[in-house]
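So you can see what is in the structure, the chains are spelled out below.
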Amino acid sequence: MTTSPAPDHTPSHQTGAISEEGYHKDLGRRHVQMIAIGGAIGTGLFLGAGSRLQMAGPSLAIIYAVCGVFSFLILRALGELVMYRPTSGSFVTYAREFLGERAAYMAGWLSFLNWAMTGIVDITAVALYMHYWAVFLPVPQWVFALVALTIVGTMNMIGVRYFGEMEFWFSLIKVIALTLFLIAGALILGTRMPVAGHTTGFHLITENGGIFPHGLFSALMLLQGVVFAYSGIELLGTAAGECEDAREILPRAVNSVIWRIGLFYVGSVVLLVCLLPWTEYHAGTSPFVTFFQALGIPGIGTIMNIVVLTAALSSLNSGLYSTGRVLRALSLGGSGPRALSKLNKSSVPYVGILTTLGVYLVGVMLNYLIPSRVFEIVLNFSALGIISTWGFILLCQLRLRAAINRGDIMPTGFNMPGAPYTTWATLGFLGFVLVMMAFDYPDGTITIGAIPLIGAVLIGGWCLLDRSRRHG
């Protein structure tokens, strides 16, 4: 084990510098900052908040806040690992170093499960958003899913600088839209201007069943969905390996996530339930679109729907970026087929990206077979992958901190606050989310029940790889 953070092999100030993993270090400060924002603001807020408001009412703001605090702690744990050693392999590489190759194998393939399911959610979201316009209602949902897959798949096969640029503009659109909503909503609330015949104000909470209209248990049942909403924050760790100066840029990007969660998630939900009764929001329609439609301003709903389309495409784009790097990290360590380690001329792990695209085609098929249930089914499996990924990050941080305390590794200068107590508390929270998933019948119960099957598939895959290594 090394005694200090591993230095980059190439000076970071060189344009097009190559990392020790063979990637171009072409992501700059503004790219990383916007990737941090984009990872914290995605389909889970723009589309998922509609169904969650319908199920939990105003208590959704509390669930977002609680999950947001733990998500920030997870990001700080990852930040400490990245400051030790920036790598595009991210938690797979850290699991390999601190927990062993079997743990790296488990972490990588469960992360792949997460992003594979998330991608299916995203292409489903794109199809649902397209059906907002009446002219597209006759077009089957699976057609839009396939078109989205084709567009984003093509974009991901070019160099990382272009990926960074696309994510920068995608995230900027999301931030501008949410900022405008917050400003407009605050002004309407402050002036008590009525919306769709409803008087705005905090009284809308108490007049419609209170903070927990369906009880505390119903609110807790949403935990796995809210965890999904925050999926993507760990993308910062992957991007660090292709960043010009990760150790300088990353701390500020990580620390900015907590106030963005507080403002964009908690603040948005509080405003939404104070501007319209929470009963006005429904599954399948973005609550932001519902609000702007209620204002009666021509074209506002269409503009907002374009914004949420951008959010879904951004998340899909990020998922392909992440899985390509994760699958390559697995391959380089012997925990995946050798072909997954291949790079094209632009230093893009194209085989890994194509593999993920193949899984997303299953999502297109699901949109053809069961279009009405795709979103919730795959969301639960995605949450399972997210929880495992975050769990491995926390376990690696525990091992890193133990090594630092022994004097085997130099302090990173970006310690996780309150560790190891906050690390164990966050692991306990993730375990509680799994328990609540089991009570979410039928989708959540089926997901938890599938854990032994997923475990058997992973064990079988490890045995096949081990046999291949012995005979290779």
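This write-up is about the structure you can find in this document. (Residues numbered from 1 in each chain as written. Predicted model: local features only at pLDDT ≥ 70, side-chain atom pairs only at ≥ 80, totals over all residues. Heavy atoms only, no water.)

1. Topic: the overall build of the chain
Phase 1: Each helix and strand in the chain was counted, giving 20 helices and 0 strands.
Phase 2: At 22 Å, the chain has a C-alpha radius of gyration in line with the 23 Å of a compact globule built from 472 residues.
Phase 3: Principal axes of the C-alpha set define a box for the chain whose edges measure 70 × 50 × 45 Å.
Phase 4: Expressed as a percentage of the 472 residues in the chain, the buried residues total 58%.
Phase 5: Partitioning the intrachain contacts of the chain with sequence separation of at least 6 by distance along the chain shows that 80% fall at a separation of at least 24.
Phase 6: Averaging the coordinates of the 26 positive side-chain charges in the chain and doing the same for the 22 negative ones gives two points 6 Å apart. (Helix = DSSP H or I, 4+ residues; strand = E, 2+ residues; numbered from the N terminus. Rg over C-alpha atoms; globule rule 2.2 N^0.38 Å. Buried < 20%, exposed > 50% of the residue type's maximum accessible area, 1.4 Å probe, protein only. Contact = heavy atoms within 4.5 Å. Lys, Arg positive; Asp, Glu negative; His and termini not counted. Charge placed at Lys NZ, Arg CZ, Asp CG, Glu CD.)

2. Observations concerning the packing of aromatic side chains
Phase 1: Under the counting rule described, the total for this entry stands at 16 aromatic pairs.
Phase 2: Here the aromatic rings of Y84 and F98 are separated by 5.7 Å at their centres, their planes lie at 50°, and the arrangement is tilted. Of this pair, Y84 sits in helix α4 (residues 59–84) while F98 sits in helix α5 (residues 90–98); the two residues are 14 residues apart in sequence, bridging distant segments of the chain.
Phase 3: Classification of F98 as buried rests on a relative accessible area of 6%.
Phase 4: Centroid distance F181 to F291: 5.4 Å. Interplanar angle 85°. Geometry classified as edge-to-face. Of the two residues, F181 sits in helix α8 (residues 160–191) while F291 sits in helix α14 (residues 287–295), which places them 110 residues apart along the sequence. Each of the two residues, F181 as well as F291, counts as buried.
Phase 5: Each member of the aromatic cluster is reached from another via a ring pair, and the members are Y132, W133, F136 and F144. (Phe/Tyr/Trp six-rings, centres within 6.5 Å; stacked < 30°, edge-to-face > 60°.)

3. Side note on unusual backbone geometry
Phase 1: A cis amide bond, omega 5°, links A419 with the succeeding residue P420.
Phase 2: In this fold, P420 is placed in the loop between α17 (374–406) and α18 (421–439).
Phase 3: Of note in this structure, R192 is not a glycine but carries a positive phi near 60°.
Phase 4: Checked against the element boundaries, R192 lands in the loop between α8 and α9 (203–206).
Phase 5: Since its relative accessible area comes to 45%, R192 is described here as partly exposed.
Phase 6: With a phi close to 60°, S347 is a non-glycine residue in the positive phi region.
Phase 7: Among the secondary structure elements, S347 is positioned in the loop between α15 (300–332) and α16 (350–369).

4. Digging into the packing of α4 against helix α13 (residues 246–275)
Phase 1: The contact between α4 and α13 brings their axes to 9 Å, and the two run at 175°. The orientation of α4 relative to α13 falls into the category roughly antiparallel.
Phase 2: Partitioning the contact of α4 with α13 into residue classes produces 20 nonpolar, 3 polar and 2 charged. (Axes fitted to C-alpha atoms, helices over the stretch in contact; angles between N-to-C directions. Parallel < 35°, antiparallel > 145°, perpendicular 65-115°, else oblique. Nonpolar A, V, L, I, M, F, W, Y, C, P; charged D, E, K, R; others polar.)

5. Comments concerning the side chain of N317
Phase 1: Inspection of the secondary structure puts N317 in helix α15.
Phase 2: Since its relative accessible area comes to 0%, N317 is described here as buried.
Phase 3: Among residues more than four places away in sequence, those in contact with N317 are V152, M155, N156, F163, M166, E167 and F170.

6. Considerations on the packing of α5 against helix α6 (residues 101–130)
Phase 1: In the contact formed by α5 and α6, the axes pass within 7 Å of each other and the chain directions differ by 160°. Judged by the inter-axis angle, α5 sits roughly antiparallel to α6. Relative to α6, the crossing made by α5 is right-handed. Where α5 abuts α6, its residues F91, V92, A95 and R96 lie against E101, A103, A104, A107, G108 and S111.
Phase 2: Classifying every residue of the contact of α5 with α6 by side-chain character gives 6 nonpolar, 2 polar and 2 charged. (Left-handed = near helix turned anticlockwise from the far one by under 90°.)

7. Describing the pattern of salt bridges
Phase 1: For the coordinates displayed, the defined rule picks out 4 salt bridges.
Phase 2: A salt bridge links R401 to E80, with the shortest nitrogen-to-oxygen separation between them at 3.1 Å. Within this pair, whereas R401 is found in helix α17, its partner E80 is found in helix α4, the two being separated by 321 residues in sequence. Each of the two residues, R401 as well as E80, counts as buried.
Phase 3: With its nearest N and O atoms 2.6 Å apart, the salt bridge here joins R96 to E101. (Salt bridge = Lys/Arg side-chain N within 4 Å of Asp/Glu carboxyl O.)

8. Some thoughts on the nonpolar core
Phase 1: Core analysis: the biggest nonpolar cluster contains 153 residues, and F46, Y64, F181 and W390 have the highest contact counts within it.
Phase 2: The contacts of W390, once residues within four sequence positions are left out, are S71, I74, V227, Y230, S231, I233, E234 and L430. (Core = buried A, V, L, I, M, F, W, Y, C linked by side-chain atoms within 4.5 Å.)

9. Considering helix α3 (residues 48–56)
Phase 1: Of all 9 residues in α3, 7 are buried; the element is thus mostly enclosed.
Phase 2: Turning to α3, its buried residues are G48, A49, G50, S51, R52, L53 and A56.
Phase 3: Where α3 ends, the next residue or the one after it, G57, has phi of about 65°, a positive value.

10. Things to note about the side chain of R260
Phase 1: One can find R260 in helix α13.
Phase 2: Buried and without a salt bridge, R260 has E167 as its closest oppositely charged side chain, separated by 12 Å.
Phase 3: Looking at R260, its side chain comes within polar contact range of the side chain of S256, at 2.5 Å. (Polar contact = N/O pair within 3.5 Å; in protein donor to acceptor, adjacent residues only side chain to side chain.)

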